[in-house]
Structure formats: structure tokens, C-alpha cells
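This is what each chain is made of:
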Amino acid sequence: TLGRVLFYDRQLSRNKTISCGSCHQQSHGFSDPNRFSRGLNGGLTPRHSMGIANSRFYPNGRFFWDERAATLEEQVLQPIQNTVEMDMTLSEVVARVSSTPAYVKLFTNAFGTSSVTSDRISKAMAQFIRSIVSYLTKFDSAFDANGQPHFQQTLTAQEFLGMRLFQPVPGLPNISRGCDRCHIATSQISTQARNIGLDLNTPGEGRFKSPALRNIAVRGPYMHDGRFGTLMDVVNFYNNGVQNNPNLDPLLRDQNGQPRRLNLTQPEKDALVAFLSTLTDNALNADPRFADPFSNLGHVRPRP
């Protein structure tokens, strides 16, 4: 509860107009439908707001597109201090939260005392984000009580074709294009930041983290800079647009060392998009346990 309230509390920003939930919107898979998010004074973030559902499953535990935060506890404090986003110091946030009577009980329930520290704020918010887990998708419904999948009985023919293009299916001829080599397991989460050849040349190594694919269909636009407006744009990029960047990840090179091409037909591209749409968790996107608690107080705080 404490982490949820802090996540949506706009008084954590200097002019009390921006919260974490302003840029990570529940109905959009905890991302932002805009290419770049607008901060407290109208400034824009330099990167697209990453979806944060299933963050707890990311193997190396690092955060931000460039993985500059070693932990989720470290990550949640940075937007608060960013001059474009919320423009507060940690001491100012602690003072403001400490002076809010409602937080006395929340901090006592969470930590045993009402003492407010930046460490406690980061731990509470990080735990709230870790609790945002997607498991009620159409894809998930294919698994029975014993964990056995029944994909052909659950998915449409088009969705099932898209799944076969995404990953091998035991017992059937392998037509997979290897998407699951980066987006692994049933949570479809990446294992590390990679250079995926978005541009021929990029500063540094050009490596970026990929968020979990759950709710990907409602999280557009896509990539760290929001350059692709639709999932079809993304599929088209992987189909024939990967650039031969010097730091291109080996998984995106073919046996001759050239950028991989998926060579999908249009029906196959449509099928892949259809499969990705089966990863949408509409229950999570409307779950009141993760909704803005201030919207139920009879005085919804105005959007900036």
C-alpha cells in the first residue's frame, strides 16, 4: 500500500503535478502512449517510458534502457531527482512526505515506525513495482492446472502460427525465426541489454534493455526512443531493417555475419503481431490494486 501511494503521489514533484504513474500509466501497460513523457514544467524526457510490469523477473536486476541503475531501489529515486521529470532533492521529498499526516500510519505499517527516509521510500516503491506481475493473458490461459500447454486449442490458427514463428513448438516442424532467443521463457523477458541494429552507428555500444513483452500490444510507441508507432513497424524492422552496426548483437547476425532477415510474408507478419497480442493482460491493466488511489478520493488531481 505504501509503495502504491508513493508511486501515484504527485507531491513528490516540485510543483505537485507529476507522479511516477503520470509516465507509467496502468491502462497502457504501465508505459506512456506518448513517444516521450512530459515533465513538471512541460519538458520532455529523452527516452520513451518503459513498461514496468514483470520487472521482478529481469535476470540481472538492472534498470533504465541503458541499465545505469544497478537495482530497482536505485532506479525509483532517479526520476524524482531528474530536473525534467520531478525536480526534487531527496531531502525535500523526505520533508514533504514526513509532513503529510496520512503517511504516519502507512510507514508504521510497512516498517514498524513512522520514520521517513529516502531508503524506505525507495524500498516501498520498488516492492510495489515488483508486485506488478502479468499472468492472466490469453497465452497463459493455454496452460492447464498441471502446467501443461494446450496452445492449439486456445489460440486461433493465426495466433498459433505467430507463436510458431516466435518460438519452436515441440512436436511440430520448426519454423521459428528465433524471437525467443532474446525474449525467453513464458514471461518473454530479455536477459540483457543488446544492440539490435536500430541505426548504422550509435554512441557507445548502442545497447539497450528490452522490457518484458507482456502487454506489448498496448505499450506503443516502441523502442527506447519511441521511433516505431505500431507492432507491425517493429516486425518490419526485424524482418528487413536491422542495420549492420559494428556492435550488433551476435544473436542478430546470420551464419555469414550479416544482419539476420526474418523473410516473413505479410500473412506471417500479421500472425506474429496477432500472437504478440495474446500477451495482453487486460485484468492487470484494470486491476484496482494497482490503480491510482488518489482518483478515488473525490478530488482527482488534475493532469498537467
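Report follows, based on the coordinates. (Residues numbered from 1 in each chain as written. Predicted model: local features only at pLDDT ≥ 70, side-chain atom pairs only at ≥ 80, totals over all residues. Heavy atoms only, no water.)

## Some words on the overall build of the protein
A count of helical and extended segments in the protein gives 11 helices and zero strands. Secondary structure elements in the protein, listed N-terminal to C-terminal, are α-α-α-α-α-α-α-α-α-α-α. In terms of overall size, the protein behaves like a compact globule, its C-alpha atoms giving a radius of gyration of 21 Å where 304 residues would be expected to give roughly 19 Å. In terms of overall dimensions, the protein has C-alpha extents of about 65 × 50 × 30 Å along its principal axes. Across the 304 residues in the protein, those meeting the buried criterion constitute 50%. For the protein, restricting intrachain contacts to residue pairs at least 6 apart in sequence, the fraction spanning at least 24 positions comes to 60%. Looking at the protein as shown, the accessible area adds up to about 14200 Å², and 52% of this sits on carbon and sulfur atoms. Taking the average location of the 32 positive side-chain charges in the protein and that of its 25 negative ones, the two points are 3 Å from each other. (Helix = DSSP H or I, 4+ residues; strand = E, 2+ residues; numbered from the N terminus. Rg over C-alpha atoms; globule rule 2.2 N^0.38 Å. Buried < 20%, exposed > 50% of the residue type's maximum accessible area, 1.4 Å probe, protein only. Contact = heavy atoms within 4.5 Å. Areas by Shrake-Rupley, 256 points an atom, 1.4 Å probe, with all protein chains shown as cover. Lys, Arg positive; Asp, Glu negative; His and termini not counted. Charge placed at Lys NZ, Arg CZ, Asp CG, Glu CD.)

## Re the environment of Pro168
Here Pro168 lies in the loop between α8 (157-166) and α9 (231-240). Expressed as a C-alpha distance, the spacing of Pro168 and Asp180, which sit 12 residues apart in the sequence, is 8.4 Å. Those residues in contact with Pro168 that sit more than four places away from it in its chain are Asn174, Ser176 and Asp180.

## Section: the nonpolar core
Of all hydrophobic cores here, the largest spans 38 residues; its most connected members are Leu6, Leu12, Val97, Tyr103, Ile121 and Ile132. Put simply, the parts of the chain that give this core at least two residues each are α1 (2-8), α3 (72-81), α4 (90-98), α5 (102-111) and α6 (118-130). Excluding its chain neighbours within four sequence positions, the residues that come into contact with Ile132 are Phe30, Ile52, Ala53, Asn54, Leu284 and Phe290. If you look at the next biggest cluster of nonpolar residues, it comprises 31 residues, including Val235, Leu264, Leu272 and Phe275. (Core = buried A, V, L, I, M, F, W, Y, C linked by side-chain atoms within 4.5 Å.)

## What about α6?
Each turn of an α-helix holds 3.6 residues, which means side chains three or four residues apart point in the same direction. A rise of 1.5 Å per residue sets the reference length of α6, with its 13 residues, at 18 Å; its end C-alpha atoms lie 18 Å apart and thus fit the reference within 8%. Turning to α6, its buried residues number three or more, namely Arg120, Ile121, Ser122, Ala124, Met125, Ala126, Phe128 and Ile129. Against the buried residues of α6 lie α1, α2 (20-23), α3, α4 and α5. (Expected span 1.5 Å × (residues − 1).)

## A short note on the side chain of Asn285
Along the chain, Asn285 turns up in helix α11 (residues 282-286). Here Asn285 falls in the buried class, since its relative accessible area comes to 11%. Side chain to side chain, Asn285 and Asn215 meet in a polar contact 3.1 Å long. Not counting residues within four places of it along the chain, the set of residues in contact with Asn285 comprises Gln26, Ser27, Gly29, Asn215, Val218 and Thr280. (Polar contact = N/O pair within 3.5 Å; in protein donor to acceptor, adjacent residues only side chain to side chain.)

## Overview of the side chain of Arg219
Along the polypeptide, Arg219 turns up in the loop between α8 and α9. The buried charged residue Arg219 lacks any salt bridge partner; its closest oppositely charged side chain belongs to Asp281, at an N-O distance of 11 Å. Those residues in contact with Arg219 that sit more than four places away from it in its chain are His28, Gly29, Ser31, His48, Gly51, Pro211, Ala212, Leu213 and Arg214. (Salt bridge = Lys/Arg side-chain N within 4 Å of Asp/Glu carboxyl O.)

## Overview of the environment of Phe275
Structurally, Phe275 can be placed in helix α10 (residues 266-277). Owing to a relative accessible area of 0%, Phe275 belongs among the buried residues under this scheme. In sequence terms Phe275 and Phe30 are 245 residues apart; their C-alpha atoms lie 20 Å from each other. Excluding residues that lie within four positions of it along the chain, Phe275 makes contacts with Phe139, Glu159, Gly162, Met163 and Phe166.

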